[in-house]
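Architecture at a glance
If you want the building blocks of each chain, they are given just below.
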Amino acid sequence: MQMDAKFCMACGHELETRDVDGTMRRACTSCSFVHWGNYSIGVGALVVKDDKILLVRRAQEPGKGKWTNPGGYIEQMEAIQDTIQREVLEECGVHAIVKNVVALRDQPRSIHNLYVAFEMEYVSGEPVPDQVEVDAAGFFTLQELESMDVASFTQWLVDVAFHGRSEGLRVDHSPVVHLAGYGLFRV
């Protein structure tokens, strides 16, 4: 079910449908606000330690009972690298830091979803499920994964983690130009 935006998020006036740069979009009748669409950004962690990958078992839908990599959705005012570090810690008590962006999934639909997968460096902690979002967690070998109910997208990400041929985009901690409020990643 597609729901159209009805009121302006900037001033509260009614929105109308009109041509904006060649595309029919919802736009404010009073100010310059344009509703560009509905989007969500998910993040996922690929944490490998001693040739084992960190996975969690989903305790909720979607995917209840499936093994996946830890992850979640970004918060409005949270840097994406902070989001994934927080999600890993919350879901399974493991502290890991971002190394690189190693994969993207683009899923156009009524709420267009972009998923960013991060290679992360294990720092500390033993996997302990939060018992809310996940009910099991651990580091597993590729051989162990063969007998587990691993979600298909996670299977693809495990392949990226163990067989990726690129170091991906790394966090740029020292950009040549100071850009306050930006999360920057580069080759």
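As a starting point, this report considers the structure included with it. For clarity, every value in this text was computed on a predicted model and none was experimentally measured.

With that out of the way, let us pick up the nonpolar core. By size, the foremost hydrophobic cluster in this structure holds 19 residues, and its most contacted members are Val 47, Leu 54, Ile 84, Val 88, Cys 92, Phe 118 and Met 120. Sorting the residues of this core by element identifies β4 (39-49), β5 (52-58), α1 (80-92), β8 (95-107), β9 (112-124) and β10 (134-140) as the ones contributing at least two each. Every residue in contact with Val 47, bar those within four places of it in the chain, is listed here: Lys 52, Ile 53, Leu 54, Ala 96, Met 120, Tyr 122 and Phe 139. Of all hydrophobic cores here, the second largest spans 15 residues; its members include Leu 46, Ala 103, Leu 157 and Val 158.

The first and last C-alpha atoms of helix α3 (residues 152-163) sit 16 Å apart over 12 residues, in line with the 16 Å expected at 1.5 Å per residue. Within the span of α3, buried status applies to Thr 154, Leu 157, Val 158 and Val 160. Buried residues of α3, viewed axially, fall in a sector of 155°; they line one side. Buried residues along α3 sit against β4, β5, β6 (67-68), β8, β9 and α2 (142-145).

Calculation notes
Residues numbered from 1 in each chain as written. Predicted model: local features only at pLDDT ≥ 70, side-chain atom pairs only at ≥ 80, totals over all residues. Heavy atoms only, no water. Core = buried A, V, L, I, M, F, W, Y, C linked by side-chain atoms within 4.5 Å. Buried < 20%, exposed > 50% of the residue type's maximum accessible area, 1.4 Å probe, protein only. Helix = DSSP H or I, 4+ residues; strand = E, 2+ residues; numbered from the N terminus. Contact = heavy atoms within 4.5 Å. Expected span 1.5 Å × (residues − 1). Arc of directions from axis to C-beta.

The values are spatial; any link to function lies outside them.
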